[in-house]
Amino acid sequence: MTVLCDIRQLAIRYPHAKAPSLDHVSLTLQAGERLAVIGESGSGKSTFARALAGLLPPGVTVSGEIVWPSFAPAPLPGRDLGFVFQDPGASLNPVLTIGEQVAEGAKRHLGLNWKQAFVRAADLLERVRLPEPERLLRAFPHQLSGGQRQRVAIAAAVAARPSILVADEVTSALDQAVQAEIVALLDDLVREEAMTLVFITHDMALASTLADRIAVFAAGRLQEIGPVRQVVGHPQSVAAKTLLEAHIDLETPSLVVGGRP
Amino acid sequence: MSAALLEATDLRKSWAARGRSVVALKEVNLTVAPGETLGLVGRSGCGKSTLARVLTRLTPPQSGAIRFRGEDWLALSGAALRTARRHMQMVFQDPLGAFNPRATVAGALADPLRIHDLVPPARRAARIDELLERVGLTADYARRSILELSGGQRQRVAIARALACEPSLIVLDEAVSALDVSVRARILDLLVDLQREHGLAYIFVSHDLAAVKAVSHRIAVMEAGEIVEEGPTDAVVDHPQSPAARALIAAVPRLIREKP
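Residues numbered from 1 in each chain as written. Chains lettered and ligands numbered in written order. Predicted model: local features only at pLDDT ≥ 70, side-chain atom pairs only at ≥ 80, totals over all residues. Heavy atoms only, no water.

Chain B appears in an unreviewed UniProt entry as Peptide/nickel transport system ATP-binding protein from Allorhizobium borbori. Recorded in UniProt for chain B, the comment headed Sequence similarities (unreviewed entry) runs: "Belongs to the ABC transporter superfamily." (UniProt positions renumbered as here; feature names shortened; annotations may be inferred.)

Within an unreviewed UniProt entry, the label attached to chain A reads Peptide/nickel transport system ATP-binding protein, and the organism entered is Allorhizobium borbori. The Subcellular location (unreviewed entry) field of the UniProt record for chain A holds the comment "Cell inner membrane". As its UniProt record puts it under Sequence similarities (unreviewed entry), chain A is described as follows: "Belongs to the ABC transporter superfamily."

1. Considerations on the overall build of chain A
Regarding its fold elements, chain A presents 10 helices and 9 strands. Seen through its principal axes, chain A has C-alpha atoms that stretch 55 × 55 × 40 Å. Relative to its 261 residues, chain A shows a buried fraction of 51%. Considering only contacts within chain A whose residues lie at least 6 apart along the sequence, 67% involve residues at least 24 apart. For chain A, the exposed area adds up to about 11,700 Å²; of that, 52% sits on carbon and sulfur atoms. For chain A, the separation between the mean place of its 24 positive charges and that of its 27 negative charges on side chains is 4 Å. (Helix = DSSP H or I, 4+ residues; strand = E, 2+ residues; numbered from the N terminus. Buried < 20%, exposed > 50% of the residue type's maximum accessible area, 1.4 Å probe, protein only. Contact = heavy atoms within 4.5 Å. Areas by Shrake-Rupley, 256 points an atom, 1.4 Å probe, with all protein chains shown as cover. Lys, Arg positive; Asp, Glu negative; His and termini not counted. Charge placed at Lys NZ, Arg CZ, Asp CG, Glu CD.)

2. Quick word on the overall build of chain B
In terms of helices and strands, chain B carries 9 helices and 10 strands. Taking 260 residues into account, the globule formula puts the C-alpha radius of gyration at 18 Å, and chain B, at 19 Å, falls close to it. In terms of overall dimensions, chain B has C-alpha extents of about 60 × 55 × 40 Å along its principal axes. Of all intrachain contacts in chain B linking residues separated by at least 6 positions in sequence, the fraction that spans at least 24 positions is 66%. Here chain B has roughly 11,600 Å² of accessible surface; of this, 50% comes from carbon and sulfur atoms. (Rg over C-alpha atoms; globule rule 2.2 N^0.38 Å.)

3. A few points about the domain arrangement of chain B
All names here are of chain B. According to the domain assignment, chain B consists of domain 1 (6-87 + 167-251) and domain 2 (100-161). Once you take the C-alpha centre of each, domain 1 and domain 2 turn out to be 26 Å apart. Counting residues at the interface gives 14 residues for domain 1 and 9 residues for domain 2. Each partner contributes to the roughly 950 Å² buried at the junction of domain 1 and domain 2, and carbon and sulfur atoms together form 68% of this total. Of all residues in domain 1, Arg 86, Ile 187 and Leu 190 give up the largest surface area on contact with domain 2, accounting jointly for 42% of the area buried on that side. If you look at where domain 1 meets domain 2, you find 1 salt bridge. In this structure, the salt-bridge partner of Glu 197 is Arg 134, at a minimum N-O distance of 2.4 Å. (Domains from an automatic or database assignment. Buried area = accessible area lost by both parts, 1.4 Å probe. Salt bridge = Lys/Arg side-chain N within 4 Å of Asp/Glu carboxyl O.)

4. Let's talk about the interface of chain B and chain A
The accessible area lost on association of the parts is a frequent measure of interface size. On the side of chain A, 37 residues touch chain B, which itself brings 38 residues to the contact. Where chain B meets chain A, there are 1 salt bridge. Across the contact surface, chain B and chain A share 9 residue pairs in polar contact (both at pLDDT 80 or more). For the side of chain B that touches chain A, the elements supplying multiple residues, two or more each, are helix 6 (181-198), helix 7 (209-215) and helix 9 (243-251) of chain B. Among the elements that make up the side of chain B that touches chain A, the one with the highest residue count is helix 6 of chain B (9 residues). Here the side of chain B that touches chain A is composed, by residue class, of 18 nonpolar, 7 polar and 13 charged. (Polar contact = N/O pair within 3.5 Å; in protein donor to acceptor, adjacent residues only side chain to side chain. Nonpolar A, V, L, I, M, F, W, Y, C, P; charged D, E, K, R; others polar.)

Given below as structure tokens:
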């Protein structure tokens, strides 16, 4: 395994915040692995994702190091690293067509002209299993459903063939049926393109389905990191145990015993 | 079914969109018994929120009938409707949008007590403390602003506000969907405890079949404005009959413990 990214004692504080959002986090990301970062609201998981992608807003205080041995300088967002946000309604530009937004990364970073970039965009829309890609190139985000918009955002994120994909709560705003489809899509894309995946989520089941390793965050600190079978099967930290105990799936016993009121 | 608390028959509702008519509900029938939880589950856009809003009379149906507590629920209007509304309360997905942002917790809980004249003014503060305690918050939350609370705390206040009316039915529309998993688990526990103590009935609307299964006695599966399957929770989850129910079951994320 090659080290893709070495994070050392990373600490991040937003201006006027009482507590740091990330508190001396150290971890190593291997090339080609799938890392799930899990935690509750305010655990620092999204801040970690943004720091990794170089997307922190101005004014934050950062200490520690993020070292990318195979990149000099750090990977360029859009070219080397794709980022998919939670809310595609906010991350897609409402006044640009789907085609323009997906083609832009391909044109800018793959040295294509607009015509070639649009051909690539149509291919990508087909890859993310959207119907009628040619027609969709001319559509606007508001004409699509939430799940379709998230597919567009994924297509745009991978347009320049990045080797790293960061997905920040990409299914949280979607219903479970759509969520399952998006997770399956990410799984296929990451495998076919041999990308490194950092998957931010609050759902243990999704983390266990998609990832090789799970990093558990709480209160800005890394509480535990390990392979799925270790973190899910033999959790060590309170944070991991809490997340697992709170997990509800179809195996969870009914809370209304006996089935009748 | 004379024992039913709520009985809806042949509800129809369509929305006009850009000159076209979009059918949101077609011939929906359902019943809820006292003290029972009916889980209403389906994908986005299946009509489950529209149904919740029709049942709570936030939006009128085109046709159909609703009997609630033995009365013709759709025939009520004016003062009679306002008085009767106390018995059917609703908790929404976004607790921030469901409150006046300038309200304090005490203010939000005092409104129903005053409007429905449930508790004399002198005893209201004590009743508010009691309600807060009932939903797992301490009395000193009463003075806080709604904006100061976390999402989970706000949802507890929303439940307390519904309880303040001493309802017989609470309609919960995606009430736990926006919450963190540990908060969600605690709110579900709370709902079940309250049901046991007060004999409350719930209609629990969600796209999350696992949460629905955990709290419901019966489940109704909706698709494209229709209830396509309905039955006891275990029967629907263990032996789904409709493609919609099978798809929802397949979509529930599974925890993988052993991975090579």
